Amino acid sequence: SEEQLHCIGCGVAIQTENQQALGFTPKAALEKGLASGEVYCQRCFRLRHYNEIQDVSLTDDDFLRLLNEIGNTDALIVNVVDIFDFNGSIIPGLHRFVGNNPVLMIGNKVDLLPKSLKKGRLIQWMKERAHELGLRPVDVLLTSAKKKSEIQDILEAIEHYRNGRDVYVVGVTNVGKSTLINQIIAQVADVKEVITTSRFPGTTLDKIEIPLDDGQFLIDTPGIIHRHQMAHYLGKKDLRLIAPTKEIKPKVYQLNPEQTLFLGGLARFDFVSGARSSFIAYVSNDLTIHRTKLKGASEFYQKHVGALLQPPHADEITAFPELVRFEFSIKEKTDIVFAGLGWITVSQPAIVAGWAPKGVDVIIRKALI
Ligand code: GDP
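Residues numbered from 1 in each chain as written. Predicted model: local features only at pLDDT ≥ 70, side-chain atom pairs only at ≥ 80, totals over all residues. Heavy atoms only, no water.

**Observations concerning the site of the ligand**
Link 1 in the chain: In the neighbourhood of the ligand, 16 residues make up the surrounding shell, with Asp111, Asn174, Lys177, Ser178 and Thr179 lying closest.
Link 2 in the chain: The contact in question runs from a nitrogen atom of the ligand to an N or O atom on the side chain of Asp111, over 2.7 Å.
Link 3 in the chain: In the environment of the ligand, an oxygen atom lies 2.9 Å from a nitrogen or oxygen atom belonging to the backbone of Gly176.
Link 4 in the chain: Protein contacts shield 84% of the accessible area of the ligand, which totals 580 Å² for the unbound molecule.
Link 5 in the chain: For the shell around the ligand, the element with the highest residue contribution is helix H8 (residues 177-188), accounting for 3 residues.
Link 6 in the chain: The class makeup of the residues in the shell around the ligand is 5 nonpolar, 7 polar and 4 charged. (Near = heavy atom within 4 Å. Polar contact = N/O pair within 3.5 Å; in protein donor to acceptor, adjacent residues only side chain to side chain. Areas by Shrake-Rupley, 256 points an atom, 1.4 Å probe, with all protein chains shown as cover. Helix = DSSP H or I, 4+ residues; strand = E, 2+ residues; numbered from the N terminus. Nonpolar A, V, L, I, M, F, W, Y, C, P; charged D, E, K, R; others polar.)

Structure follows, in structure tokens:
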């Protein structure tokens, strides 16, 4: 029988038949890949060469089996999260599956948060949020996988906590797990030694195993899709616009009650009642915020979405979900979080409403900054 080929990016089994399914590679690309000795699936190829994001279809069954396998092994679990989208980074049910295995949480993309934010405070905040979700990480580290910073500290922490065991690296898609893994490979292993053969039992997903000094492995697992991310409703161009790439410059708004902010045409924030005060928006610097009156804001949106209020763009608005309203009564300094898009910090008691496309969560949390 023909030997199964695996993508050297994500480890998935390569196939040339079904364009929609995992591992698809056009025949011509496969031939080129074989000639050069580097076969990538189309998804990894696009990501590497065009920085384009493609959907992967990870079924719920595969996802549960993956977590089960991890829960049944004696290993260190490294959970990579995106600190710009902390809630969107949480793997549903992870705490129930890890069993007695220690979890090391790595907060990635620290470069996006204002430099003035104290690291100790951020780590404390992450620990508190993790506890609320039932996760008790043995430690929380911060990094910026893109910038190679602190990679040595991370390796030392992994070495310390793994205590001779294997390491599973888990994360939802887009948190920067691959970027981090690539940095780790560059530090600890020869790319040729990295193997992608062993399969999670009962799944279509393959492990990428990176050999460690003592015969154990650091195992990269497939990214898990978080259903409520804004990312699922946007085109690739818009996605690049809302995903910040540089330190976020907070935008401060002095608002009177009954004023509204539109975050492009993607989300909306209403200051319903309370005393005039300042509200701080933490979103991509490239996303335009538009201030208007609460009265008539829905009509304003209908009229201007796709033009003055964008993204989405004019040709995308028919497919774009309607905005759904969530109301909150705020007592203390709180972030109104628009999953994957950013957040608005409310500092004074107020009644506010957050609107997001149907299917995308709006939640509140203790203020990060
Ligand atoms: P994965 O899906 O978790 O494997 O995520 P990727 O490694 O593909 O990264 C997703 C996106 O986040 C890419 O656009 C990366 O360039 C970006 N990214 C990864 N690490 C960092 C980081 O430390 N800082 C910033 N600002 N972006 C990052």
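**Details of helix H6 (residues 119-132)**
Link 1 in the chain: Relative to the 20 Å expected for 14 residues at 1.5 Å per residue, H6 spans 20 Å between its end C-alpha atoms, a close match to the ideal helical length.
Link 2 in the chain: Within H6, the full set of buried residues consists of Leu122, Trp125, Met126, Arg129 and Ala130. Buried residues of H6 fall within an arc of 135° about the axis and therefore sit on the same side.
Link 3 in the chain: Looking at the packing, one finds that the buried side of H6 touches strand E1 (75-82), helix H4 (86-89), strand E2 (103-108), strand E3 (139-142) and strand E16 (362-366).
Link 4 in the chain: Gly134 sits one or two positions beyond H6 and adopts a positive phi of about 90°. (Expected span 1.5 Å × (residues − 1). Buried < 20%, exposed > 50% of the residue type's maximum accessible area, 1.4 Å probe, protein only. Arc of directions from axis to C-beta. Contact = heavy atoms within 4.5 Å.)

**Some words on the nonpolar core**
Link 1 in the chain: In this structure, Val78, Leu122, Met126, Ile158 and Leu218 are the most contacted members of the largest nonpolar core, which totals 62 residues.
Link 2 in the chain: Of the residues forming this core, the biggest block, 6 residues, is contributed by E1.
Link 3 in the chain: Three or more residues apiece are contributed to this core by two domains, here domain 2 (60-220) and domain 3 (243-366).
Link 4 in the chain: If we ignore the near neighbours within four places in the chain, the residues touching Leu218 are Ile158, Val167, Val169, Ile181, Ile184, Ile208, Glu209, Ile210 and Leu212.
Link 5 in the chain: By size, the runner-up hydrophobic cluster in this structure holds 40 residues, among which are Leu263, Leu323, Ile330 and Val352. (Core = buried A, V, L, I, M, F, W, Y, C linked by side-chain atoms within 4.5 Å. Domains from an automatic or database assignment.)

**A word on the packing of aromatic side chains**
Link 1 in the chain: Applying the stated criterion across every chain yields a total of 7 aromatic pairs.
Link 2 in the chain: With centroids separated by 5.7 Å and ring planes inclined at 40°, the aromatic side chains of Phe84 and Trp343 adopt a geometry described as tilted. Placement of the pair is Phe84 in the loop between E1 and H4 and Trp343 in strand E14 (residues 342-346), with a sequence separation of 259 residues.
Link 3 in the chain: Taking the relative accessible area as the measure of exposure, Phe84 reaches 5% and is therefore buried.
Link 4 in the chain: Taking relative accessible area as the criterion, Trp343 reaches 0% and is therefore assigned buried.
Link 5 in the chain: Ring geometry for Phe271 and Phe279: centres 4.7 Å apart, planes at 55°, overall tilted. Each member of the pair, Phe271 together with Phe279, is buried.
Link 6 in the chain: Cation over ring: Arg268 sits above Trp355, and NZ or CZ is 4.0 Å from the ring centre.
Link 7 in the chain: Across the ring face of Trp343, the terminal group of Arg365 is positioned such that the distance to the ring centre comes to 4.5 Å. (Phe/Tyr/Trp six-rings, centres within 6.5 Å; stacked < 30°, edge-to-face > 60°. Lys NZ or Arg CZ within 6 Å of the ring centre and 35° of its normal.)

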